[in-house]
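Here's the letter readout for the chains.
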Amino acid sequence: MKPYQSAFIELALAHEVLKFGEFTLKSGRVSPYFFNLGKIASGAALRRLGQAYAEALIDAGIEYDMLFGPAYKGIPLVTAVALALADPAFGGQDRPYAYNRKEAKDHGEGGVLVGAPPRGRVVIVDDVLTAGTALREAVALLRAAGAQPVAALIALDRQEKGPSGRSAVQEMEQDSGIRIIPLVTARTLLEYLSRGAANAGIVEAIRAYQARYGVCA
């Protein structure tokens, strides 16, 4: 496990982004854990989150020209990642970024895109990938603007089978042709929790859930 992954899980636990219990998902499955990145709601926490995302992006070795954050949750995330990358500790990479509005603005500069004009190779920054609707819309928007989306950074890959037998990440990669880079996966999470960060009952419940619903790879 990489240091940024441990730091991210520590952050998630400290701010109750990651909670344990019984949670009914949209799929109807009862999950022993729930993940809500919206719990990151302070400047210091957002700074740490942006650093974790930046480290994951650097570690992935992706060649890219700019960042993009889908409205709404992707907007503060892409801003935090751009700030982290510009820090000398991360090589002082001053990358342009943009985001979109949910509705087109009909006055002023107009349009749905805000920030740097989409160009070149773009990394999309978002929170989670459930159905993948927001990411697919972002990919289509960027391609229509003449840019080339190459990857998407997300917080967690639950590695959970959908109706097709593939995970949401696997479906997104196959359908869109872009690479999905999660900060952590369900397996990473289990590895961390198994080291004493959660009681044995929680670890076993998550392990059993993944055995039933998880993808093989």
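Residues numbered from 1 in each chain as written. Predicted model: local features only at pLDDT ≥ 70, side-chain atom pairs only at ≥ 80, totals over all residues. Heavy atoms only, no water.

- Within an unreviewed UniProt entry, the label attached to the chain reads Orotate phosphoribosyltransferase, and the organism entered is Fontimonas thermophila.
- The UniProt entry for the chain carries the following text under Subunit (unreviewed entry): "Homodimer."
- The UniProt entry for the chain carries this comment under Pathway (unreviewed entry): "Pyrimidine metabolism; UMP biosynthesis via de novo pathway; UMP from orotate: step 1/2." (UniProt positions renumbered as here; feature names shortened; annotations may be inferred.)

1. Focus: the packing of aromatic side chains
Moving on, step 1. What the rule picks out here adds up to three aromatic pairs.
Moving on, step 2. Above the plane of the ring of Tyr 64 lies Arg 95, whose end atom (NZ or CZ) is 4.1 Å from the centre.
Moving on, step 3. The ring of Tyr 33 has Arg 158 sitting right over it, with the charged end atom 4.2 Å from the ring centre. (Phe/Tyr/Trp six-rings, centres within 6.5 Å; stacked < 30°, edge-to-face > 60°. Lys NZ or Arg CZ within 6 Å of the ring centre and 35° of its normal.)

2. Some thoughts on the packing of helix H1 (residues 3–14) against helix H2 (residues 43–60)
Moving on, step 1. It is at 9 Å that the axes of H1 and H2 come closest, and there the two elements cross at 150°. With respect to their mutual orientation, H1 and H2 come out roughly antiparallel. For H1 against H2, the interelement crossing comes out left-handed. Seen from H1, the contacting residues are Tyr 4, Ala 7, Phe 8 and Leu 11; seen from H2, they are Ala 45, Arg 48, Leu 49, Ala 52, Glu 55, Ala 56 and Asp 59.
Moving on, step 2. Residue composition of the contact of H1 with H2, grouped by class: eight nonpolar, no polar and three charged. (Axes fitted to C-alpha atoms, helices over the stretch in contact; angles between N-to-C directions. Helix = DSSP H or I, 4+ residues; strand = E, 2+ residues; numbered from the N terminus. Parallel < 35°, antiparallel > 145°, perpendicular 65-115°, else oblique. Left-handed = near helix turned anticlockwise from the far one by under 90°. Contact = heavy atoms within 4.5 Å. Nonpolar A, V, L, I, M, F, W, Y, C, P; charged D, E, K, R; others polar.)

3. Comments concerning the side chain of Thr 188
Moving on, step 1. Following the sequence through the fold, Thr 188 ends up in helix H6 (residues 186–197).
Moving on, step 2. Judged by relative accessible area, which is 11%, Thr 188 ranks as buried.
Moving on, step 3. When residues no more than four places from it in sequence are discounted, the contact partners of Thr 188 are Met 1, Gln 5 and Ile 9. (Buried < 20%, exposed > 50% of the residue type's maximum accessible area, 1.4 Å probe, protein only.)

4. Describing the nonpolar core
Moving on, step 1. Counting residues in each nonpolar core, the largest one holds 47 residues, and the members touching the most others are Phe 8, Leu 37, Tyr 53, Ile 62, Leu 67 and Val 123.
Moving on, step 2. What Phe 8 contacts, discounting residues up to four positions off in sequence, is Phe 35, Leu 37, Leu 49, Ala 52, Ala 155, Leu 183 and Val 184.
Moving on, step 3. Counting residues in hydrophobic clusters, the runner-up holds 18 residues, among them Val 122, Ile 124, Ala 147 and Ala 152. (Core = buried A, V, L, I, M, F, W, Y, C linked by side-chain atoms within 4.5 Å.)

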